[in-house]
Amino acid sequence: MVMPMLDDVLYYIEANVENSLSDLKEVLRFPSVAAKGEHMKETAQWVADHLEPLGLKVTLHKTAGPPVVTGILDVGAKRTLLFYDHYDVQPAEPFDLWDSPPFEPTVRDGRLYARGVADNKGDTVSRIWALKAFLETETVLPVNIKFVVEGGEEVGSPDMPEFAKKNKDFLKADGGIWEFGGAGIDGKQEAWLGLKGLLYVQLEVERLKMDAHSAYACILPSAPYQLVWALNSMKDRNGRILIDGFYDDLQPLTDAELKAIAKVDIHKSDVKDHYGIQAYLNDLKDEELKEAYYNAPTCNIAGIGSGWQGMGSKTVLPAKAMAKVDFRLVEDMNPDDIAKKLRKHLDSNGFEDVKMVSSDGYPPGKVPVDHPFVDVVNRANKIVFGHDIVVHPTSPGSGPLYLFTDSVPMVSIGVGDFESRAHSPNESIVIDNYRLAMKRIAVVIDEMSRW
Ligand SMILES: [Zn+2]
């Protein structure tokens with residue numbers, strides 16, 4: 001049931017959709033592309049300038065890269081709600097695939113088009129305006145509010161581990177809203193409760209001082225073969241990863257998570273059509289397919305190179321070979337541990353010369369599906385969108401969620417939808433979803449006071 005005070009807040013939001021959209025368009029005009037490091041300070045300042053008038057104590061934290069903007073409004077309430085957002089965006093190239101310029105926000109057929117509108121400036125502004133609605137209607141804010149808005153999410157959040165270490169206390173809250181989300185292919189709103197971890201390694205082999213004539217393959221060692229054998233030793237043809245101890249720390253899905261995924265439709269035939277495949281990996285079906293989607297770690301060759309790859313033939317025995325391999329990790333796997341196990345695997349299988357020239361990553365993060373904050377979000381969704389939110393216990397993708405999940409139960413919901421094309425040309429949101437998502441945040445704030 002909607003409380004009378006909240007009615008004012010929701011009415012205000014409804015009456016001010018256009019005003020909030022003009023704020024959104026303003027911030028969308030900053031081409032704050034993290035990969036290029038351009039316009040980062042102005043965009044951070046824009047965020048600070050829009051949080052401050054709401055009564056938040058705002059700080060721009062210096063980092064090695066763009067600043068992290070934080071804001072806190074402590075009203076002495078029992079509960080605290082934290083928002084994690086980012087003001088940086090992906091590069092907009094190739095420009096010619098955009099129907100309207102990426103940094104000139106344009107409305108067509110009820111959708112707002114611009115780089116970063118779905119990921120994640122639309123979310124950021126909808127959250128600012130939900131809070132503004134409480135202030136403008138003089139409705140007592142029933143929770144304390146915190147914002148963390150960083151500028152390096154699209155390049156892997158390189159400054160966030162350091163920031164999180166230095167600001168441990170700030171990152172404590174009873175509930176948190178993670179950056180992205182929205183409606184799935186069937187139009188139903190979705191919530192994501194976790195992200196997989198990642199280990200990314202570059203493997204290199206050099207067996208000759210220089211490339212040789214391939215006639216010498218009868219007497220000289222081959223770098224590409226050595227690499228291929230090494231890769232082959234890491235995974236069997238059924239997808240089982242053969243690195244000793246790889247699965248040791250893997251936690252199976254809990255009963256509550258299995259129950260949650262039983263309710264989720266992962267649209268398996270649409271995905272099949274999308275990629276043009278007849279069957280999934282190892283002919284995975286039904287519950288097994290779902291469990292793999294949410295909880296299978298992976299060993300994937302992301303790139304591989306050696307020797308002649310140009311037109312025609314060149315009979316060469318390449319001196320070097322290289323592969324980039326990524327591992328998606330699930331609860332409780334740790335990237336440093338897996339990197340060590342991989343090194344040991346290579347060494348004990350005759351691949352001492354396969355060098356790991358770089359190794360990078362972060363652990364997975366997840367919120368229990370039965371956490372009371374998940375219920376708060378669902379109640380808010382039901383009030384605004386009229387249906388139970390689709391709960392994904394985790395996502396097959398990765399992100400630095402682990403920095404937060406020890407101290408905040410993070411739930412990812414947002415203004416996007418299946419057609420939003422985050423990271424691609426013609427990124428957009430449905431304005432009506434944006435309006436409702438803004439209301440949903442207001443109701444989350446309200447429902448949190450009753451938890
Ligand atoms: Zn994002």
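Residues numbered from 1 in each chain as written. Predicted model: local features only at pLDDT ≥ 70, side-chain atom pairs only at ≥ 80, totals over all residues.

1. Considering helix H10 (residues 335-348)
Then step 1. Taking 1.5 Å per residue as the helical rise, H10 with its 14 residues ought to reach 20 Å, and the 20 Å between its terminal C-alpha atoms agrees with that figure.
Then step 2. Residues of H10 that are buried: Pro335, Ile338, Leu342 and Leu346. For H10, the angular spread of buried residues about the axis comes to 75 degrees, placing them on one side. Among the exposed residues of H10, those oriented more than 90 degrees off its buried face are Asp336, Asp347 and Ser348.
Then step 3. Turning to H10, the residues buried within the fold contact strand E11 (197-206), helix H6 (223-234), strand E15 (320-329) and strand E16 (355-362). (Helix = DSSP H or I, 4+ residues; strand = E, 2+ residues; numbered from the N terminus. Expected span 1.5 Å × (residues − 1). Buried ≥ 20, exposed ≤ 12 C-beta atoms within 10 Å, placed from the backbone. Arc of directions from axis to C-beta. Contact = placed C-beta atoms within 7 Å.)

2. Thoughts on H6
Then step 1. An ideal rise of 1.5 Å per residue puts 16 Å on twelve residues; H6 measures up with 17 Å between its terminal C-alpha atoms.
Then step 2. Along H6, the residues classified as buried are Ala223, Pro224, Leu227, Ala230 and Met234. The buried residues of H6 occupy an angular sector of 125 degrees when projected down its axis, which confines them to one face.
Then step 3. At its buried positions, H6 is contacted by E11, E15 and H10.

3. Observations regarding the domain arrangement of the protein chain
Then step 1. Structurally, the protein chain comprises domain 1 (4-195 + 365-448) and domain 2 (197-250 + 297-362).
Then step 2. On a C-alpha basis, the centres of domain 1 and domain 2 stand 39 Å from each other.
Then step 3. Taken together, the contact pairs four residues of domain 1 with five residues of domain 2.
Then step 4. Here the residues of the side of domain 1 that touches domain 2 are counted per class, giving two nonpolar, one polar and one charged. (Domains from an automatic or database assignment. Nonpolar A, V, L, I, M, F, W, Y, C, P; charged D, E, K, R; others polar.)

4. Quick word on the environment of Val316
Then step 1. Inspection of the secondary structure puts Val316 in strand E14 (residues 316-317).
Then step 2. A sequence separation of 105 residues divides Val316 from Asp211, and the C-alpha atoms of the two residues are 6.8 Å apart.
Then step 3. Setting aside its immediate chain neighbours within four residues, Val316 contacts Asp211, Ser214, Gly307 and Trp308.

5. Notes on the packing of helix H11 (residues 372-385) against helix H13 (residues 431-448)
Then step 1. Where H11 meets H13, the closest approach of the two axes is 8 Å, and the angle between their N-to-C directions is 135 degrees. On the basis of the axis angle, H11 is oblique to H13. Along this stretch, H11 crosses H13, giving a crossing that reads as right-handed. Mapping the contact onto sequence places Val376, Val377, Arg379, Ala380, Asn381, Ile383, Val384 and Phe385 in H11 and Leu436, Lys439, Arg440, Val443, Val444, Glu447 and Met448 in H13.
Then step 2. Its residues assigned to classes, the contact of H11 with H13 shows ten nonpolar, one polar and four charged. (Axes fitted to C-alpha atoms, helices over the stretch in contact; angles between N-to-C directions. Parallel < 35°, antiparallel > 145°, perpendicular 65-115°, else oblique. Left-handed = near helix turned anticlockwise from the far one by under 90°.)

6. So, the environment of Asp174
Then step 1. Considering the arrangement of structural elements, one finds Asp174 in the loop between helix H5 (160-166) and strand E7 (175-178).
Then step 2. Taking the C-beta count within 10 Å as the criterion, Asp174 has 19 such neighbours and is therefore assigned partly exposed.
Then step 3. In sequence terms Asp174 and Pro364 are 190 residues apart; their C-alpha atoms lie 20 Å from each other.
Then step 4. Sequence-distant contacts of Asp174, that is, excluding residues within four places in its chain, are made with Arg79, Thr80 and Phe373.

7. Quick notes on the sheet that holds strand E5 (residues 111-113)
Then step 1. The antiparallel open sheet is built from three strands, whose spatial order is E4-E5-E20. A single partner strand is all that each edge strand has here, and the edge strands are strand E4 (106-108) and strand E20 (428-430). Pairs of neighbouring strands in the sheet enclose a mean axial angle of 25 degrees, with direction left out of account.
Then step 2. Here E5 pairs with E20 via three bridges, running antiparallel. Of the residues in E20, the one forming a bridge with Tyr113 is Ser428.
Then step 3. Lying on the sheet, helix H4 (residues 117-136) is in contact with E5 and E20; it crosses E20 at an angle near 50 degrees.
Then step 4. Together, E5 and E20 form the strand contacts of H13, whose direction differs from that of E20 by roughly 70 degrees. (Pairing = 2+ DSSP bridges.)

8. Overview of the environment of Thr139
Then step 1. By the secondary structure assignment, Thr139 is in the loop between H4 and strand E6 (144-150).
Then step 2. Residues Thr139 and Val9, spaced 130 residues apart in sequence, show a C-alpha to C-alpha distance of 7.3 Å.

9. Let's talk about the sheet that holds E11
Then step 1. The antiparallel open sheet is built from four strands, whose spatial order is E13-E15-E11-E16. Across the chains shown, the open sheet's two edge strands, defined by having one partner strand only, are strand E13 (300-305) and E16. With direction set aside, neighbouring strand axes in the sheet form an average angle of 10 degrees.
Then step 2. Examined bridge by bridge, E13 and E15 share five bridges and lie antiparallel to one another. For Gly303, the partnering residue across the bridge sits in E15 and is Lys324.
Then step 3. Lying on the sheet, H10 is in contact with E11, E15 and E16; it crosses E11 at an angle near 25 degrees.

10. Details of the pairing of E6
Then step 1. With six of seven residues buried, E6 lies mostly within the body of the structure.
Then step 2. One ladder, built from five bridges, connects strand E2 (residues 68-73) with E6; its direction is antiparallel. When the sheet's bridge partners are listed, Gly71 is paired in E6 with Phe147.

11. Some points on the nonpolar core
Side chains that are nonpolar tend, in soluble globular proteins, to be buried together.
Then step 1. Within the largest apolar cluster, 112 residues are counted, with the highest numbers of intra-cluster contacts made by Ala130, Val377, Val411 and Ala442.
Then step 2. Residues lining this core come from more than one domain, with at least three contributed by each of domain 1 (4-195 + 365-448) and domain 2 (197-250 + 297-362). (Core = buried A, V, L, I, M, F, W, Y, C linked by C-beta atoms within 7 Å.)

12. Some details on unusual backbone geometry
Then step 1. The omega torsion of the bond from Glu93 to Pro94 falls at -5 degrees, within 30 degrees of zero and hence cis.
Then step 2. With respect to the helices and strands, the residue Pro94 is situated in the loop between strand E3 (80-86) and E4.
Then step 3. With omega at -15 degrees, the peptide bond leading from Glu331 into Asp332 counts as cis.
Then step 4. Tracing the backbone through its elements, the reader meets Asp332 in the loop between E15 and H10.
Then step 5. One non-glycine residue, Asp109, lies in the positive phi region at around 50 degrees.
Then step 6. For Asn282, which is not glycine, the phi dihedral falls at a positive 55 degrees.
Then step 7. In this structure, Asn282 sits in the loop between helix H8 (268-275) and helix H9 (286-295).
Then step 8. For Asn282, a count of 13 C-beta atoms within 10 Å translates into the label partly exposed.

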